[in-house]
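# Report on the structure
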Amino acid sequence: MSKSAQLKIGDKVQSKCKVNFGAKGIISSIIGNGNRKKFVVDWDLGSQSIHGLRGICRDGQLPLQKQYTQPTKRRKTAVALLDEEGSTYDDSTSSSEEYSEEGESDTELPSNHNSDVQHDDQDQDVPRDRNLFPHGRQWELLPDLVFDPAVHDKFTQETRIKWNQVEQLKSIQDRTEIDYFFHFYPMQTVQQTLNCMGERMARKRYNPISKGEFFKWLGIRLAMTIEPRRGGIQAYWKEGEDPHTFSLGASMGSRAKMSRHRFEEIQECLAFCSMHDGIAPEDDPWKEIRLIIDGFNDNRQQGIIPGSHIAVDEVMSAWYGAEATWVAEGMPHVTKIPRKPEGEGAEMKALADGQTKILIRLDVMEGKEHQRKKAFADIGSEGTAVTLRLTQPWFGSGRVVHADSAFSSVKTCMALRQYGLHFMGIIKTAHKEYPLTYLTSKADEYGTGKVKPRGGHLLLRSTMGPDDSTHPPIFALGWYDKKGKYLISSCGTTLPGIPCKRPRFKKIVNNDGFYETVAYTKEVRRPAMVEEFFSCFSSIDIHDHYRQGSLEMERQWVTRRWHHRIFCTVLGICIVDSFFAQKFEVTMINHEPNDFNTFCGRLARQLIFNEFLGNIMPTRDGTENEQVYVTQHTPNSLASLDAYKDKRAQRKCKVCKMKTAMFCNGCSNPPNEILPLCSGMKDRDCFAAYHCQQGIN
C-alpha cells in the first residue's frame, strides 16, 4: 500500500516545507487518486494550503532536522489564490522558486531527475471552490439522489382525529358541526373560564353565567360575524325593517333569546384568569390568556394525531390598540411586520398538520426578556428554539417539518435530526454553513435560452461539520425556476416530480379580427424533493386566509381589551380547524363537504341552541330532540332567590363561617337546600376552595 493511501480525511499532519516547517494541521479533503493525490490541509494557525505527499507527514513522524528560517517570499495559501483567481486553484501561477522553497524534502534529488517527479506536490489544475466550505462546513456535489436516506425512519401514517369512546359512537354522516367544534375547542378550560367570569359578575352584581349561556354567547358572536351590520352592536338587536331606512335589523333578541344588555354583561366580564391568583403582572404579563393558549395546546395533543408532514409558520392576532409600554392595560408585546396583511399585533408561532391544515400547537412571542426563559432558548437561534418548542411533543417520531426562511437554517436541520425529526426548509438570510453563494452563482446557467433549461437543479451533500464531526447526511438543493429557490433538507430524492403547473393567459386576435383571451398552463419541471417541500409549505397561510380573509371575526369584534382579541383569534382558529376536520372526514367517505360559509352558519345556530341549555334544540335534519340539562357549579347571588327578596341576602359561609351574599348553583336546591360560599372577595375565595376539596371541577 502506498504512503498516500495511508493518509485520510481527519488525520493530523505536520509540514515538511521550508515556509512552515513543523506546523501542525488537519487534512480537510483529498483531491485526485493514486500516488498523485493532493491533500487540502487546514493549519492550526488558520491558513489553508494544498500539498502532495512529500510536503507533509503524519503528526509525530517529522524527521529530525533544524527548522528553516522563513523566506522573505512566501507562497500564497490556497484560499488566497482562490480570492484572486475565482473558483479554480492552479499552481501554475506560482513561480518555480516559490514552489521549490515549500516542496523541498530531506533527500536531495539528483540533478538529472525528471522535472515532473521533482514537482510531485505541484497541483495539476485541480478545481477548488472555496464556496463549498462555508464557515468550515464541507459540501460535496452530487449528480443525483435516487434513494431517500430517511426511508427507514420516516413517519408514514396519515392524519387521524382522536375521538373519545362516546364520540366514536357517532358515524361521520351523523356528526354535526358542533361536534367538531366541541372536539377542537379547549373544553377543559370552560369551567375555569366560568369561575373567572363569575368572580367579576358577582362583584358587579350581575346574574351568574352557565355553560350553556357561554356557548350561546359564542354562537351569537359568530352569527354577528357572518352577517355583519353597520351602526354598532345595537344594530344587531333591531327588530325587523327600519321604516326610515332600507336597513334590516338582525333581531338577535327574538331569534337568539338573549337581550343586548345580557350580551354586553357577558362580554364585559369575559376573562380567563382569577382575580386572586396571586401572580403579579410583571411576573407573567400574559397571564390573561395563559389558560386559553395552554388549553389549546393540550387539546390538540389529545385530539389529533398529525400525519407524516407538519409545517411551522407565524400567525398574527391583529391589534392596533394600546401597548403596555405606554398604557397599563395595553398588550404586553406588540410585533410589527409591515409585509403582512394584518402586520401589527400579537405574533404567535404555529405548527400545522400538513394533510388537514389543522393547527396543532401555538407559541406566543412574549418579548425578548420572556422568550429567553423558555425551553431551548440557550440554543443560540430563536428560529431553531421556536421550531424545537413547537415540535417537542413529536420528538423521535420521524415526521418531516416544513418551514419558511424565518425558521430554516443548517442549525435547525441538525437540531431536529438530533431529536428524531426530519426537516425541509427554504434558505434566504440564515445561511451560516449553507453553500448559498455557490448555488446562487450557478443561477445564470439555467433558464429560457440558457445553457441549461428552466427547472433544473443542483444538489450538494454534507456529512461533516466544521469541527470535523460526522453526522447523517443533509442536503442543499438549488432549484432554478424563474428565480432560484434554495432548500435545506435531511430527506427526499431528486427523481423527477410532478411538474409545477401555473395558469397563464395571453391575448390573441381571432379569425374575426377581435381580441380574444386564451388560457393555457405552463409546466416547470422540478425534482421530487421540491414537490414534497411545497406540498404542505403553505398550510398555515391557507388557514390564515380562512380565518382573516373569509371569517374576519377580528374585524367584526371591536374591543379595547387585548386578551379579548387573542381569544377572538383562538376562537377563529378553532372554527377553521373544525371546518377542516369535517372536510377531511367527509371527503374520506366520498361525500361532498359544505362550503365554509354554510359550515359557519350551521355552527352558529347549533351554538345558540346548544345542548347545555336544557331546552328543545332543532337538530340537523330539522326535527326536535329533547336535551338533558347538565348541572353547573357557578356562584350566584342570594338576592336572586325569591326567599330573599324582602330580607337581607346574607348567610354564613360553609367554609370560613363569615357572612356572604353568594351561594353555589350546583350544590344548592332552593328554597330549602342552599350552600352559601364566599366568591369574588379580595382576601378569600371559599367557592374555589370548597369545590377543590370536594374534587369538583
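Details of the structure are given in the entry above.
How each quantity is defined
Residues numbered from 1 in each chain as written. Predicted model: local features only at pLDDT ≥ 70, side-chain atom pairs only at ≥ 80, totals over all residues. Heavy atoms only, no water. Helix = DSSP H or I, 4+ residues; strand = E, 2+ residues; numbered from the N terminus. Buried < 20%, exposed > 50% of the residue type's maximum accessible area, 1.4 Å probe, protein only. Contact = heavy atoms within 4.5 Å. Pairing = 2+ DSSP bridges. Core = buried A, V, L, I, M, F, W, Y, C linked by side-chain atoms within 4.5 Å. Axes fitted to C-alpha atoms, helices over the stretch in contact; angles between N-to-C directions. Parallel < 35°, antiparallel > 145°, perpendicular 65-115°, else oblique. Left-handed = near helix turned anticlockwise from the far one by under 90°. Nonpolar A, V, L, I, M, F, W, Y, C, P; charged D, E, K, R; others polar. Patch = residues over 30% accessible without salt bridge, like charges linked within 9 Å, V, L, I, M, F, W, Y side chains within 5 Å. Areas by Shrake-Rupley, 256 points an atom, 1.4 Å probe, with all protein chains shown as cover. Salt bridge = Lys/Arg side-chain N within 4 Å of Asp/Glu carboxyl O.

## Examining the environment of L142
Inspection of the secondary structure assignment puts L142 in strand β6 (residues 138–142). Judged by relative accessible area, which is 13%, L142 ranks as buried. Along the backbone, L142 and F475 are 333 residues apart, and their C-alpha atoms lie at a distance of 9.5 Å. Excluding residues that lie within four positions of it along the chain, L142 makes contacts with L459, R461 and F475.

## Focus on the pairing of strand β11 (residues 344–353)
By the criterion of burial, β11 is predominantly enclosed, with nine of the ten residues buried. In this sheet, β11 lies alongside strand β9 (residues 309–318) in antiparallel orientation, the contact comprising nine bridges. The residue of β11 that forms the bridge with I310 is D353. Summarising the sheet, strand β10 (residues 335–336) and β11 pair through two bridges and their orientation is antiparallel. The residue bridging K336 from the neighbouring strand is E344, located in β11.

## A look at the nonpolar core
Core analysis: the largest hydrophobic core is formed by 115 residues, its most contacted members being F181, F214, F215, F567 and I575. No other element matches helix α18 (residues 562–588), which puts 14 residues into this core. For F214, the residues in contact, after removing those within four places along its chain, are Y185, T193, L194, M197, I209, L270 and F567. Listed in part, the 17 residues of the second largest apolar core include I426, W479, C491 and V530.

## Comments concerning the packing of helix α5 (residues 177–184) against α18
At a minimum axis separation of 8 Å, α5 and α18 run at an interaxial angle of 125°. Comparing the axis directions of α5 and α18 gives the class oblique. Where α5 crosses over α18, the handedness of that crossing is right-handed. Note on element contacts: α18 touches α5 through L571, C574, I575, D577, S578, A581, Q582 and E585, opposite E177, Y180, F181 and F184. Its residues assigned to classes, the contact of α5 with α18 shows seven nonpolar, two polar and three charged.

## Quick word on a nonpolar patch on the surface
Side chains of V146, F147, V151 and L495 sit close together on the surface and give an oily, nonpolar patch of about 370 Å² of accessible area. Locating V146 in the fold gives a position in the loop between β6 and β7 (160–161).

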